[in-house]
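So the chains spell out like this:
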Amino acid sequence: RIAFVATPAHLVKDLTQGIAHSMICVSPLCAEIAAESILSGHVETVIQQKKIQIAKRVALFRSVFSGHDFSSSDQSMFVWLPLPHSMKAVELEAEAAKHNIRIFSAERFAVGSTPAPEAVRVSLTGVEGVPGLRRALQSLERLMATPTRY
C-alpha cells in the first residue's frame, strides 16, 4: 500500500517527522510503480473505468430493489438498505451468509450508545461481474421477501 499526501509547506517538516516516527516504510518499487502510473495517466483511465462499473452496479441494485427504500449515491460502492419493521438486520445477515451472500448489519457500524437502525450495508463490488451481482442481489431480495424463514 502506498499513499501520497499534499500539505501546506509550513507543515511538511512536522508531517515528515510524524511519518518517520510511525515506522512506515514503503517499498521503493511500489512507490515507483505508483508514481509512474499517476504520471502516465494510467490511474485516470482506471478511475474512469471503475466509475463506469460502479454506475452499472448501482443501476442494477436500483432495478432489483426498486420497491424498497435505500440510501446510496451514483458513485458509491455500498448501499444502505433499511429493513421492514418486522425484520432484524443481524438475522438477515446470518441468513444471507448461509446463501453465500455477505452483507453487514448496521450494528457492526454503530458507535457509542446510539442503537443501530435495522438496516444492512450491501457492497456492490464484492461479486465479480455484473451477472454474478445480479444473482446475489436477486437472492437477497428473495430472502427479504420471505422473512418467516429465519
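Our structure is the block above this text.
Residues numbered from 1 in each chain as written. Predicted model: local features only at pLDDT ≥ 70, side-chain atom pairs only at ≥ 80, totals over all residues. Heavy atoms only, no water.

Asker: Go over the overall build of the chain, please, and point to the residues and values.
Answerer: Counting secondary structure elements, the chain contains five helices and three strands. Taken over the C-alpha trace, the chain has a radius of gyration of 21 Å; the compact-globule value for 150 residues is 15 Å, which it surpasses by more than 25%. Projected onto its principal axes, the C-alpha coordinates of the chain cover approximately 60 × 40 × 25 Å. Of all 150 residues assigned to the chain, the portion counted as buried reaches 23%. Considering only contacts in the chain between residues 6 or more positions apart, those separated by 24 or more positions represent 57%. Just so you have it, the chain exposes about 10400 Å², and 58% of that area is on carbon and sulfur atoms. Put simply, the chain has 16 plus and 13 minus side-chain charges, and the middle of one group is 5 Å from the middle of the other. (Helix = DSSP H or I, 4+ residues; strand = E, 2+ residues; numbered from the N terminus. Rg over C-alpha atoms; globule rule 2.2 N^0.38 Å. Buried < 20%, exposed > 50% of the residue type's maximum accessible area, 1.4 Å probe, protein only. Contact = heavy atoms within 4.5 Å. Areas by Shrake-Rupley, 256 points an atom, 1.4 Å probe, with all protein chains shown as cover. Lys, Arg positive; Asp, Glu negative; His and termini not counted. Charge placed at Lys NZ, Arg CZ, Asp CG, Glu CD.)

Asker: Account for the pattern of salt bridges, with residues named and values stated.
Answerer: Per the counting criterion, the structure on display carries three salt bridges. A salt bridge links Arg-62 to Asp-74; the nearest nitrogen and oxygen atoms lie 2.6 Å apart. Taken together, the residues span a long stretch of sequence, with Arg-62 in helix α3 (residues 42–64) and Asp-74 in the loop between α3 and β1 (78–82) at a distance of twelve residues. Across the salt bridge formed by Lys-98 and Glu-95, the nearest N and O atoms sit 3.4 Å from each other. Of this pair, Lys-98 and Glu-95 both sit in helix α4 (residues 89–98), three residues apart, which is roughly one turn of the helix. (Salt bridge = Lys/Arg side-chain N within 4 Å of Asp/Glu carboxyl O.)

Asker: Could you give an account of the sheet that holds β1, naming the residues involved and the relevant values?
Answerer: Taking strand neighbours across the sheet as the criterion, the three strands line up as β1-β3-β2 in an open arrangement whose pairing is antiparallel. The two strands at the open ends of the sheet, each matched to only one other strand, are β1 and β2 (104–105). Where β2 meets strand β3 (residues 119–123), two bridges bridge the pair, whose relative direction is antiparallel. In the strand pairing of β3, Phe-104 is matched with Arg-121. (Pairing = 2+ DSSP bridges.)

Asker: Please provide a residue-by-residue account of the nonpolar core, values included.
Answerer: The biggest cluster of nonpolar side chains holds 23 residues, and the ones touching the most others in it are Leu-92 and Val-122. Of all the secondary structure elements, the ones that give two or more residues to this core are α3, β1, α4, β3 and α5 (130–145). (Core = buried A, V, L, I, M, F, W, Y, C linked by side-chain atoms within 4.5 Å.)

Asker: Which residues make up the packing of aromatic side chains, and what are the values?
Answerer: Across all of its chains, the model carries three aromatic pairs by this definition. Look at Phe-61 and Phe-65: their rings are 4.5 Å apart centre to centre, the planes differ by 15 degrees, and that puts the pair in the stacked class. A single burial state applies to Phe-61 and to Phe-65, both of which are buried. Between Phe-61 and Phe-70, the aromatic rings sit 5.1 Å apart at their centres with planes inclined by 85 degrees, giving edge-to-face as the arrangement. Phe-61 sits in the buried class, given a relative accessible area of 0%. The cationic tip of Arg-121 hangs over the ring face of Phe-78; the distance from NZ or CZ to the ring centre is 3.8 Å. (Phe/Tyr/Trp six-rings, centres within 6.5 Å; stacked < 30°, edge-to-face > 60°. Lys NZ or Arg CZ within 6 Å of the ring centre and 35° of its normal.)

Asker: Give me the pairing of β3: which residues, what numbers.
Answerer: Of all five residues that make up β3, four are buried, and the element is covered over most of its length. Across five bridges, the pairing between β1 and β3 is antiparallel. Looking at β3, one finds that Pro-82 is bridged to Ala-119.

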